[in-house]
Every structure is written in structure tokens, then in C-alpha cells.
Amino acid sequence: MPFHKYIFTPRLLKEYDGSRDNYEPGTLEKYGDQLLAALNLMWSFSYYTSPILVSILYRRGYFVAESVGTFAKVTTGIGLLVAVSLCMRGLGRSMNMVYVRFAETLENARRNSDRCGEPKAALRRYDFDFQQWPIDYAVKAGRYGKNDGKVATENTPCLTFNTLYSRKPTAQRNKNFWISSLPCQIAAYVAIHTFGIRMIYPGSVRLLQSYVEPMLIEGRTKLVTQCNGQRNKVKTADGNEIDTIVVDNRNKSANGKTLVICSEGNASFYEIGIMSTPLDLKYSVLGWNHPGFAGSSGRPYPDQDQHAIDAVMQFAIRELGFLPENIILYGWSIGGYSTLYAASQYPEVKGVILDATFDDVLQLALPRMPERISNIVKIAIRDYVNLNNTELIVRYNGPVLLIRRTEDEIICSEDANLGTNRGNYLLVSMLKYRFPNIFKQEQETLARELLTKPVDFIKNVPEQYCTSLLMSYLSDNGNNGTSRSYPLEIGADYTTEQRNSMVTFLIKKYLVDFKSTHCTPLPEEFFQTPWEIPSETDYVFT
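Reading the values: the criteria
Here the residue numbers are simple positions, counted from 1 along each chain's written sequence. Since the coordinates come from a predicted model, pLDDT governs what is reported: local features require at least 70, and pairs of side-chain atoms require 80 or more to be given and counted, while whole-chain, interface and lining totals use all residues. Side-chain measures were taken over the full set of non-hydrogen atoms in the model, leaving aside hydrogen atoms and water. Secondary structure is summarised from DSSP: a helix means a run of H or I of at least four residues, a strand means a run of E of at least two, and numbering begins at the N terminus for each. Only protein chains enter the area calculation, which uses a 1.4 Å probe; residues under 20% of their type maximum are buried, those over 50% are exposed, and those in between are partly exposed. The contact definition used throughout considers only heavy atoms, calling two residues in contact when any of these lie within 4.5 Å. Per-residue and other accessible areas were derived by the Shrake-Rupley procedure at a 1.4 Å probe size, with only the shown protein chains allowed to occlude residues. At least two DSSP bridges between two strands are required for those strands to pair. Salt bridge, as used here, is a side-chain nitrogen of Lys or Arg placed within 4 Å of a carboxyl oxygen of Asp or Glu. Angles run from 0 to 180 degrees between N-to-C directions of axes, and those axes are lines fitted to C-alpha atoms, restricted for helices to the stretch in contact. With respect to orientation, any angle under 35 degrees is reported as roughly parallel, any angle over 145 as roughly antiparallel, any angle of 65 to 115 as roughly perpendicular, and every other angle as oblique. Left-handed describes a crossing in which the near helix is turned anticlockwise from the far one by less than a right angle; the clockwise case is right-handed. Three residue categories are used. Nonpolar comprises Ala, Val, Leu, Ile, Met, Phe, Trp, Tyr, Cys and Pro, charged comprises Asp, Glu, Lys and Arg, and polar comprises the others, including Gly. Aromatic pairs are defined between Phe, Tyr and Trp rings, using the six-membered ring for Trp, whenever the two ring centres lie within 6.5 Å; interplanar angles under 30 degrees are classed as stacked, those over 60 as edge-to-face, and all others as tilted. Helices are assigned an expected span. That span is 1.5 Å times one less than the residue count.

Draft legend 1. A look at the overall build of the chain. The helix and strand inventory of the chain stands at 18 helices and eleven strands. Classification of the 542 residues of the chain by burial places 49% in the buried group. Of the contacts formed within the chain by residues at least 6 apart in sequence, a portion of 75% connects residues at least 24 apart. Put simply, the chain shows about 26000 Å² of open surface, and 56% of that area lies on carbon and sulfur atoms.

Laid out in C-alpha cells, this is it:
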């Protein structure tokens, strides 16, 4: 390979050769990379602080004609330093036989697009800068799910009306209101597109990623060497490249026939995230990183996240060969949004598991922000980061399991107050939609009261009786024994006592409590196949 090509080949992190050590670059490559990394850090710092820096430089007179020559010299010096650093890196790589073998392997894989071919298998022996990993799967035109070819339409949940802030197009708003709210709209736009999106998704901050990089490398190494995981790059419909890894256990266990797709939290990565729980249970597992996280390109705005999870779903179905009815969607914390969006688009999936998630991110943001900027916060969330799980969960009629952490310090509106856990509101909203005649106003109040304490403290109700009522309703109303046709009109003629019993029964079926804080890994026993109303053919009364 010509010398100049080594300058722009990717940074090699590790070779999976049985050694636990990472790749050790030579002296020239090491110092060349360090100089480039320092310059990149300086550029990032100056970019984000540019308004302050420009103001300081202007006040000190650095924008006058006499200073142009100084700036030119500084720019020339930096350019020369970059060129020297690149040459050092390229020369060092060309002299390292481990890197030379890797570079040749990468070139062979780029010439062969077969994901399962021998060149790609050889490339998977290396861990390197994922930006230059060849694409393994690109989304075809159209959507596999129910809204074919469309990620966002006028009916898409995240673009609907909300009582706190109207999402009507600007041209339809009252002109006076629009003019008066313009300063707030500008402030909201600037806030979200600078620090706001990074506050909501701190995992997209490069400084944090640099800090956790050794842990990410170690986590990937474990997934590849111990679990036989395969890393893949999936290209989305909007051009982002998503970092994924799949552990295929179909030929190793009964659970392996089911694929669990894991959606991580706002500062979590698949390398060190929630994949471990389903892996311990021998499921097949697919992990992915949000746009802007680790090896994934882009930014974690809702539209890009929607494209990302849709591409992951298409990859799982079309490339890996899993049927939707053999896929469980598993989301933790903010990953519940990605999970519920996928469920709304692929309603045939086997089930949804939501761990420590919320109903609406706005309800978490408002208590944590000064009240005087609440209008800006509302506009910023509703216009740009409208993570409203309540609007999504009613679009999926399959089985759902909510895992609530009783000591959660993140998802509660008030610290140490279980009744303010936003998962409670998500559960009640789903049950009100699915069973409207059971969840009258009185029963909704009862449900919220019951959810102020752990589920284990809620009194038991006759489970067999409640189950038989639901099964009989499905059988008598032409649902062919399936509950995937919500809302159900059951309960219109029930007494208050019957409705109350059903409320208690349904809460205990859809919700599991885990005595834990927000970030504790989920134990195996809490990862359960979500409950759904059984059919008469497979239910045995005891």
C-alpha cells in the first residue's frame, strides 16, 4: 500500500488475537495521533466558546487590519503542525507490521460488500475507528413497517398537538401570538441546537466518549470474544451510519430464537449497557448506539433517532432473518422512546419491555428548570425534542411490560416520591386507552393512589376470575381470542367494585417493581415475556 494512504487510514484500537492488550502504536504514530487529538480538542473548545472568544478578541482590537498578519502566521503555523503530525502518523503506521496487515484487510473488505464473506470476517478480527468501517446494510427505499416509506407524517405521534404547546405550523398561528413569542422561539432553537440536545443526551458529548472509550473497547471485546458478537454498520434512510452489534444464539438455546433489540439510555452505549441481561438468558440480542453516540454518526434528534431504530429493525428482519413476531423490543430510560416508536411502526413484534422510562420528557424537564424560562423549555421540547411516550404507547396493541424502579432518582418528578414516578403516568395512560370502560375517573384516581406504593403492597385480587372475564369478552366479541385490537369495551356494565378489582389486577399484570436506583443493571428475573390476555386454547385454570 502506498505511504500516503496510511495517513488517512483509521486508528486501530485492538486486534482480537487472544491478547487482552490493546494495539500499541509505534512512537511516530503515537505522537502524531496525540498532536492531532490535541489540535482537535482545541478546535472543539474554540468552536463551542466562539461567541465568548470573538467578543474578547474584538474588545482587545484583534480584528483591526494590523492583526491580519498575526492571524495569518498563526494559521500557517497550525497548518504546518497538522501536516507534520499526519506525516508522522502515516510513517509510523507503514513501519508497523500489525497495522500493515490491518490496512490490507480493510482494503480487501472494502472491495467485497458481502457482510458474511471471508474478507469481512477477517476484518472483524480488528477494532478500529468505526467511521471507516464498510457499510454492512443500507436501508432500501420504503419502510418494512406499517407506514411504508415515511418516518414522519402528520399523524406521527411526536408531531401531534399537546395541551401545553400547540404544534401548528407558524403560518396557522395567530399572528400577534407568533410575533410576541418570537424571542422565546429563537431562544429555544439556539438552546436546543447548542447545549440543549447535549443535556438531554450527554452520551453524544465527545469529551464524555473520550473518557469512557477504554470501557467501550473492553465491552466490545467481551461481546466479540466471549459472546461471538458481530459488529455491523447500518446506514439509515437519512444518511446516518449506526453502530450495531448482534449476538446470534438461534442455534444455541430455545430463547435464542427470539431476538431482543436493546435501546440504550441517554448516556449509555451498547458496549456497557442493557444487553447483558438478555444475553445472560441466552436470547439473541441486537444492540445499537443512538446517532452521535460512539461509532454512530449524526445527532440524537427525534427524527434521526426514528430513522436509526427503523434501520435497525429493517436490518434485523431483512438481513438477519428474524420475523417481527420473534422480536422483543427492550428500552431503558430514554431508550423507551426509540422502543415505542419502533413498536408503533412494527406492531407485529412479540412484545415491548420498558425499564425505568417516562411518559413525557417535558414533565421531567420542567421541574428541573427555572420557572421563569418554562415557556422557552416548552417550545424547545415540543418543537425539537418531543419525546412523548404517552402518544406512542397507544399506537401499539401488543404485550407491554413496565419495570418501575422504586428508588429511581431520575424518573421521579420529586425525589424519593414513588407516586411521582413518570412511569406511573405512562402505565395509566396505556390502561385508560386499552380499557376505557374500566378506567373511569374514579378508577383512574384509584390507580394513581395504588401506584404511590410498591406493587407487592397492593392487595391481591381473584386473578382467575379477572382473567376469565377478559377471555370471555374476547371470545364473545369476535376477537378470535386475541387482545391485539384495543381499545376493548369490556366493563361498561361492571359495578364499581368489579372495576376496582380489574384495575388492581391489570396494574399487577403490566407492572413489575425493582427495588433499585435508576442505573443499576437489571437482574435476570425481572426480564420476563410481557403478559397478554391468554386465549381459551392455551389457558389452564387452576
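Here the narrative resumes.
Draft legend 2. Broad picture of the pairing of strand β7 (residues 284-288). Of all five residues that make up β7, five are buried, and the element is covered over most of its length. Residues Ser284, Leu286 and Trp288 point to one face of β7 and Val285 and Gly287 to the other, with burial holding for every one of them. With four bridges joining them, strand β5 (residues 241-247) and β7 adopt antiparallel strand pairing. Note that in β7 the partner of Thr244 across the bridge is Trp288.

Draft legend 3. How the structure looks around the pattern of salt bridges. Enumeration according to the criterion identifies 23 salt bridges in this entry. The salt bridge involving Arg89 is made with Asp33; its shortest N-O contact spans 3.4 Å. On the criterion of sequence distance, the pair formed by Arg89 in helix α4 (residues 68-94) and Asp33 in helix α2 (residues 27-48) is long-range, its members being 56 residues apart. With its nearest N and O atoms 2.7 Å apart, the salt bridge here joins Arg405 to Asp355. Of this pair, Arg405 sits in strand β10 (residues 400-405) while Asp355 sits in strand β9 (residues 351-355), and the two are 50 residues apart along the sequence. The pair formed by Arg405 and Asp355 is uniform in burial state, with each residue classed as buried. Three or more residues joined by partner-sharing salt bridges are found here, namely Asp127, Arg220, Arg231, Asp243 and Glu271.

Draft legend 4. Structural view of the pairing of strand β4 (residues 230-235). Of the strand pairs in this sheet, strand β3 (residues 137-138) and β4 are connected by two bridges, and their pairing is parallel. By the bridge assignment, Ala138 is partnered in β4 with Lys235. Pairing geometry for β4 and β5, over six bridges, is antiparallel. Opposite Lys233, over in β5, you have Asp243 as the bridge partner.

Draft legend 5. Inspection of the packing of helix α16 (residues 441-450) against helix α18 (residues 496-510) at higher detail. Packing of α16 against α18 leaves a shortest axis separation of 10 Å and a crossing angle of 40°. Between α16 and α18, the angle is such that the two are oblique. α18 is crossed by α16, and the crossing has right-handed handedness. Residue-level contacts link Glu442, Gln443, Leu446, Ala447 and Leu450 of α16 to Thr496, Arg499, Asn500, Val503, Thr504 and Ile507 of α18. Residues that form the contact of α16 with α18 fall into these classes: five nonpolar, four polar and two charged.

Draft legend 6. Representation of the sheet that holds β3 within the structure. Spatial strand order, β3-β4-β5-β7-β6-β8-β9-β10-β11: nine strands in an open sheet with mixed pairing. Unpaired on one side and paired on the other, β3 and β11 (511-514) mark the two borders of the sheet. Where strand β8 (residues 327-332) and β9 come together, five bridges link them in parallel fashion. Pairing of Gly331 across the sheet is with Leu354, part of β9. Lying over the sheet, helix α15 (residues 422-434) contacts β9, β10 and β11, oriented at roughly 155° with respect to β10.

Draft legend 7. Main features of the environment of Leu13. With respect to the helices and strands, the residue Leu13 is situated in strand β1 (residues 12-15). Classification of Leu13 by relative accessible area gives buried; the value is 9%. A C-alpha to C-alpha distance of 5.4 Å links Leu13 and Asp127, two positions 114 residues apart in sequence. Excluding anything up to four places from it in sequence, Leu13 contacts Asn22, Tyr23, Asp127, Phe128, Glu213, Ile217 and Arg220.

Draft legend 8. Examining the packing of aromatic side chains more closely. The tally for this structure, following the rule as stated, stands at 17 aromatic pairs. Ring plane angle 55° and centroid distance 4.9 Å describe the contact between Phe102 and Phe128, whose orientation is recorded as tilted. With Phe102 in helix α5 (residues 97-111) and Phe128 in strand β2 (residues 126-128), the pair connects residues that are 26 residues apart, well separated along the chain. For Phe102, a relative accessible area of 0% puts it in the buried group. A relative accessible area of 1% means that Phe128 is categorised as buried. Their ring planes at 85° and their centres at 5.8 Å tell us that Phe505 and Trp531 sit as a pair that is edge-to-face. With Phe505 in helix α18 and Trp531 in the segment after β11, this pair connects stretches of sequence that are 26 residues apart. The pair formed by Phe505 and Trp531 is uniform in burial state, with each residue classed as buried.

Draft legend 9. Here's a closer look at helix α17 (residues 463-476). Counted at 1.5 Å a residue, the expected span for α17 with its 14 residues is 20 Å, and the 20 Å between its end C-alpha atoms agrees. Residues of α17 that are buried make contact with α18.

Draft legend 10. Local environment of unusual backbone geometry. At the junction of Tyr486 and Pro487, the peptide bond is cis and its omega measures out at 0° in the coordinates. Relative to the helices and strands, Pro487 resides in the loop between α17 and α18. Within the chain, Asn228 stands out as a residue other than glycine whose phi angle is a positive 60°. Checked against the element boundaries, Asn228 lands in the loop between α8 (206-225) and β4. Given the relative accessible area of 53%, Asn228 is considered exposed.

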